[in-house]
Amino acid sequence: MPTPADYLDLARASTDGSVLHQLARCCYPFVWQELAANPRTPPVALLELTAARHSTWNDNRLLHLLAEHPGADRVVLRAVLDATASKLAEGERPYAAVLALAERVELEADEVRELGALAGASARLRGLLHRRLAARG
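For the structure given in this document, a descriptive report is provided here. (Residues numbered from 1 in each chain as written. Predicted model: local features only at pLDDT ≥ 70, side-chain atom pairs only at ≥ 80, totals over all residues. Heavy atoms only, no water.)

1. Details of the overall build of the protein chain
Here is step 1 of the chain: Helix and strand counts for the protein chain stand at nine helices and zero strands.
Here is step 2 of the chain: In sequence order, the protein chain lays out its α and β elements as α-α-α-α-α-α-α-α-α.
Here is step 3 of the chain: Overall, the protein chain is about 50 × 30 × 15 Å in size when its C-alpha atoms are taken along their principal axes.
Here is step 4 of the chain: Taking all 137 residues of the protein chain together, 45% fall into the buried category.
Here is step 5 of the chain: Excluding contacts between residues fewer than 6 apart, the proportion of contacts in the protein chain whose partners are at least 24 apart in sequence is 61%.
Here is step 6 of the chain: For the protein chain, the exposed surface amounts to about 7,000 Å²; the carbon and sulfur share of it is 55%.
Here is step 7 of the chain: Here the protein chain contributes 16 positively and 17 negatively charged side chains, and the mean placements of these two sets differ by 7 Å. (Helix = DSSP H or I, 4+ residues; strand = E, 2+ residues; numbered from the N terminus. Buried < 20%, exposed > 50% of the residue type's maximum accessible area, 1.4 Å probe, protein only. Contact = heavy atoms within 4.5 Å. Areas by Shrake-Rupley, 256 points an atom, 1.4 Å probe, with all protein chains shown as cover. Lys, Arg positive; Asp, Glu negative; His and termini not counted. Charge placed at Lys NZ, Arg CZ, Asp CG, Glu CD.)

2. Notes on the environment of Ala 100
Here is step 1 of the chain: Locating Ala 100 in the fold gives a position in helix H7 (residues 95-102).
Here is step 2 of the chain: On the basis of relative accessible area, Ala 100 is assigned to the buried category, the value being 8%.
Here is step 3 of the chain: Sequence-wise, Ala 100 and Glu 68 are 32 residues apart; in three dimensions their C-alpha atoms are separated by 6.0 Å.
Here is step 4 of the chain: Excluding residues that lie within four positions of it along the chain, Ala 100 makes contacts with His 64, Ala 67, Glu 68 and Arg 132.

3. Considering the side chain of Lys 87
Here is step 1 of the chain: Structurally, the position occupied by Lys 87 is in helix H6 (residues 74-89).
Here is step 2 of the chain: With residues up to four places along the chain from it excluded, the contact list for Lys 87 reads Arg 53, Asp 59, Asn 60, Leu 63, Glu 92 and Pro 94.

4. Considering the state of the cysteines
Between two cysteines, a covalent bond joining their sulfur atoms is known as a disulfide.
Here is step 1 of the chain: Under the criterion given, the structure shown has zero disulfides.
Here is step 2 of the chain: Of all cysteine sulfurs, the one in Cys 27 lies closest to Cys 26, which takes part in no disulfide; the gap is 5.6 Å.
Here is step 3 of the chain: Looking at Cys 26, the relative accessible area reads 13%, which means it is buried. (Disulfide = S-S within 2.5 Å.)

5. What to know about the packing of H7 against helix H9 (residues 123-136)
Here is step 1 of the chain: For the pair H7 and H9, interaxial distance at closest approach is 9 Å and the crossing angle is 20 degrees. As judged from the angle between their axes, H7 and H9 are roughly parallel. The two elements H7 and H9 cross, and the hand of that crossing is right-handed. Here Tyr 95, Val 98, Leu 99, Ala 100, Leu 101 and Ala 102 of H7 lie close against H9, whose contacting residues are Leu 125, Leu 128, Leu 129, Arg 132, Leu 133 and Arg 136.
Here is step 2 of the chain: The residue inventory of the contact of H7 with H9, partitioned by class, reads ten nonpolar, no polar and two charged. (Axes fitted to C-alpha atoms, helices over the stretch in contact; angles between N-to-C directions. Parallel < 35°, antiparallel > 145°, perpendicular 65-115°, else oblique. Left-handed = near helix turned anticlockwise from the far one by under 90°. Nonpolar A, V, L, I, M, F, W, Y, C, P; charged D, E, K, R; others polar.)

In structure tokens:
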């Protein structure tokens, strides 16, 4: 019977997309985060992870890792953007994910800019978001 440590090791070391996709369905947030940090995790698994929920800290960390993932395509990034918007509207602070999304050219600047208008966005976040989007060109 596999242990949580076994799942974590697989999420770290596996290069098999189907194994990584299966791991996205496991119940451990530390495995989800390791999958989101693994550059070999396929977009289909990343997309599944955008709906994973555990706790405020774990959810915000996961969204940040997904927003930075080199294999995240527009579909995945749009799902991360939607999940991040929901978190902001709930009063949570997924600010690292917002700023990571601002650097992703796969998303239109206006799509990301809308996050700054949500109730959970602080004045500081809006300023940083404006600067990151301006740096994109």
